[in-house]
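Here is how the chains run, residue by residue.
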Amino acid sequence: MREEFRNKVVEFMNQFEHTLASFPNSPESEKFKARSRVLLQKETQRVLAGNNNEVEKRYNYFVNSR
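Everything quoted here is computed from the prediction, not taken from an experiment.

Peer 1: Lay out the side chain of E56 with the relevant residues and their values.
Peer 2: Note on placement: E56 falls in helix α4 (residues 53-64). Residue class for E56 comes out buried when judged on its relative accessible area of 11%. Residues in contact with E56, not counting those within four places in the same chain, are R2, R6, V47 and G50.

Okay, structure coming up:
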């Protein structure tokens, strides 16, 4: 169940890609988009590995509130 929760969080995070696609094409925005994608990938890996304390905290809250 915890892995399923993490996957849902990553699915939500990946929606950010649609936001990045809406930025205009310019050298500055391309740098921003590239950096954002790198950070998103790193954070995605942290979430899937269980190393994001905020995600883990929310999972515990979700499970314990049932």
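From this point, the narrative continues.
Peer 1: So what's going on with helix α3 (residues 27-49)? Residues and values would help.
Peer 2: If you check α3, its first and last C-alpha atoms are 33 Å apart, about what 23 residues at 1.5 Å a residue would give, namely 33 Å. Looking at α3, one finds that the buried residues are S29, K33, S36, L40, T44 and V47. On its buried face, α3 is in contact with α1 (2-14), α2 (16-21) and α4.

Conventions used here
- Residues numbered from 1 in each chain as written.
- Predicted model: local features only at pLDDT ≥ 70, side-chain atom pairs only at ≥ 80, totals over all residues.
- Heavy atoms only, no water.
- Helix = DSSP H or I, 4+ residues; strand = E, 2+ residues; numbered from the N terminus.
- Buried < 20%, exposed > 50% of the residue type's maximum accessible area, 1.4 Å probe, protein only.
- Contact = heavy atoms within 4.5 Å.
- Expected span 1.5 Å × (residues − 1).

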